[in-house]
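Examining the three-dimensional arrangement
So you can see what is in the structure, the chains are spelled out below.
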Amino acid sequence: MTHDGGTPPRGPVTAEWWQSAVIYQVYPRSFTDGNGDGVGDLAGLIARLPYIASLGVDGVWLTPFQPSPQVDQGYDVSDYCGVDPLFGTMEDFDRLLDLAHSLGLRILLDVVPNHCSSAHPLFQEALAAGPGSPERELFHFVEGRSSSPDSRSDLPPNNWQSVFGGRAWSRANPDSETDTEWYLHLFSAGQPDWNWRNPAVGDYFENVLRFWFDKGVDGLRIDVAHALFKTDGLPDAPSESPVVDGLRSNPLVSDQEEVHEVYRRWRRLAEKYQPHRLLVGEVNLEPARAARYTRRDEMHQAFAFAFVRLGWDAATWAEVGTELEAARKLHGAAPTWALENHDIVRSANRFGSAELGARRARAALVALLGLPGSAYIYQGQELGLPEVDVPVAARVDPMWARGGVTRDGARVPLPWTQDAALTHGFTLQEPAADSAVAPWLPVPAGWGDYAVDLQEQDPGSLLATVKDAVALRRRLWEDGLFTADDGGTWRVEAGNLLLCERSPHFLVAVAMGTEPVKPPAGVVLFSAFPLAEDGWLQPGNAAWIRRN
Ligand code: GLC
């Protein structure tokens, strides 16, 4: 909902593009299937790139499409500089990059430096080379512990647990009497961790970065960025809490000082290119620790994960917002906002049930787009897709298989058409022969209600609201009402009205209580839903307010 009220200019635009950027995250498997095999691919993405451009966003972050056994849906990479045939060819990728650039969209790729696939040739060579070999020094191969004098190395080297559940170690060669080493994998057994204390690993990744930067890729999202270095000596974690704990603030496993040198090196490399390449990190740490990764000579951005974990609660939003602001003041980088990604339960479900959750998710997204800093939107979030309860038999997430929660519910193919044919337009081409190929994850009944073609015709749809918000946000940057120096002063007023003052001239208000609230004085430039007749915000509405 755009409201009246022009915006006075407030100074020249000095920001770098990424400081104001809205980036759209594409999970290629579930975006569009170009060849009818049930899995989304680069051809499908190329065909629907104009849709992404129509959102008005600045770029696309593409999760992995490189060759992979797909144990973790591509986060187990066996060739960092290729394209998995499941997704297409390198020619497809080159076409995608050209088309994106011609549409004014930047392309960010995922780089996965913490681990590779157990099918990666260097890991295979390490397995074959045996204990004590230099090949094994690229990974964490360690002699196991023994439960008794006669059972050599029958226990893993330490008590660390995998993020996905179960132990973080597997035997290198379970059938061998002589090879008694285990290898470390913070995720599944198909994802061995690189040993970043070996300088050869850093050199290897520098070449990977060069390969994609030379091609013209605009930046990288860095997977599990804080975990590359483990505590020297790989000591046991305290027995009461031996798990890696989602990698959050566990100084025993991750967030080691040495990792920062990696990002300084990558930043230097990124800045050798024109335009500079962008680095955005998945740094799943508390604000004060995460902010250390965005010091001026490290990454440009790190997702505000503390915010992603919040429910619908004004006090905790204000608390976390204040922490993020303190971190910004210390290290200079504004927060990088996201409410959803391919690992997280959809926001509509996190914020409440059915209609209430959907309403709040829309308000939260509108609020987010008005906050100071860059914002990332996950595919389908602009349609208000809810989390899907994927039938147990259809679940493929390795986290689920290892005893954790399933992330499949946020990865269901997008509905493009209300009509159910070709899985609501997810598939562009009839499958070959008469074998109807089901999508890799089933879509639920009623999926067409969220379809792009329906929402495109409705000016009140979430899709239309997102487009309007992104367009207005751009105008406010151009006019100088939004600047890169904006901060975030957070507070909660009576009736659980959450306020974030981004400058003396602009604030975001979210009605998080159960009663209507009067917005603060000023001109309402935009709101997630129409205001009540008296100008008040109904519960679950959010507004952008200009103050003179
Ligand atoms: C990141 C990815 C997630 C993946 C994990 C291991 O958290 O976002 O999908 O499973 O890293 O690579």
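Below is a short write-up of the structure. (Residues numbered from 1 in each chain as written. Predicted model: local features only at pLDDT ≥ 70, side-chain atom pairs only at ≥ 80, totals over all residues. Heavy atoms only, no water.)

Here the focus is the site of the ligand. With respect to spatial proximity, 14 residues lie near the ligand, and among them Asp72, His115, Asp223, Glu282 and Asp343 are the closest. A distance of 2.8 Å separates an oxygen atom of the ligand from a polar side-chain atom of His115. Within the contact set of the ligand, an oxygen atom lies 2.8 Å away from a side-chain nitrogen or oxygen of Asp223. Isolated, the ligand exposes 310 Å² of accessible area, and the fraction of that covered by the protein chains is 96%. Residue classes in the shell around the ligand are distributed as four nonpolar, three polar and seven charged. (Near = heavy atom within 4 Å. Polar contact = N/O pair within 3.5 Å; in protein donor to acceptor, adjacent residues only side chain to side chain. Areas by Shrake-Rupley, 256 points an atom, 1.4 Å probe, with all protein chains shown as cover. Nonpolar A, V, L, I, M, F, W, Y, C, P; charged D, E, K, R; others polar.)

Of the voids in this model, the second largest pocket is the one considered here, and its volume is about 350 Å³. Of all elements in the fold, only α9 (347-350) and α10 (354-370) reach the threshold of two or more residues within the lining of the second largest pocket. (1 Å grid on protein atoms, 1.4 Å probe; cavity = no way out; pocket = protein on both sides within 12 Å on 5 of 7 lines; lining within 4 Å. Points joined across faces, edges and corners; volume = space filled by probe spheres on them. Helix = DSSP H or I, 4+ residues; strand = E, 2+ residues; numbered from the N terminus.)

Spatial ordering of the open sheet is given by β9-β8-β7-β3-β2-β1-β11-β10, a layout of eight strands whose pairing is parallel. Whereas interior strands pair on both sides, the edge strands pair on one side only; in this sheet they are β9 (301-302) and β10 (336-338). Taken together, the four bridges between strand β1 (residues 22-26) and strand β11 (residues 374-378) define a ladder with parallel strand orientation. When the bridges of β11 are listed, Ile23 appears paired with Tyr376. Packing against the sheet, α10 makes contact with β1, β10 and β11, and its axis sits at approximately 150° to β11. (Pairing = 2+ DSSP bridges. Contact = heavy atoms within 4.5 Å. Axes fitted to C-alpha atoms, helices over the stretch in contact; angles between N-to-C directions.)

With that settled, the discussion passes to empty space enclosed by the protein. Enumeration over the complete set of coordinates arrives at four cavities of 30 Å³ or more. Approximately 170 Å³ is the volume attributed to the largest cavity. When contributions to the lining of the largest cavity are tallied by element, the ones reaching two or more residues are α6 (287-290), β9, α7 (305-308) and α8 (314-331). Classifying every residue of the lining of the largest cavity by side-chain character gives 14 nonpolar, six polar and two charged.

Residues Gly59 and Trp61 line one face of strand β2 (residues 59-62) and the alternating positions Val60 and Leu62 line the opposite face, and both faces are buried. Relative to β2, β1 is paired through four bridges, and the arrangement is parallel. Bridge pairing in β2 places Val26 opposite Leu62. Running through helix α1 (residues 42-54), the crossover from β1 to the neighbouring parallel element β2 is right-handed. Sheet analysis places β2 next to strand β3 (residues 106-111), joined by four bridges and oriented parallel. Counted as the bridge partner of Trp61 is Leu108 from β3. (Buried < 20%, exposed > 50% of the residue type's maximum accessible area, 1.4 Å probe, protein only. Right-handed = clockwise from strand over helix to strand, strands pointing away.)

Within the secondary structure, Arg474 is located in helix α14 (residues 462-479). Expressed as a C-alpha distance, the spacing of Arg474 and Gly56, which sit 418 residues apart in the sequence, is 8.6 Å.

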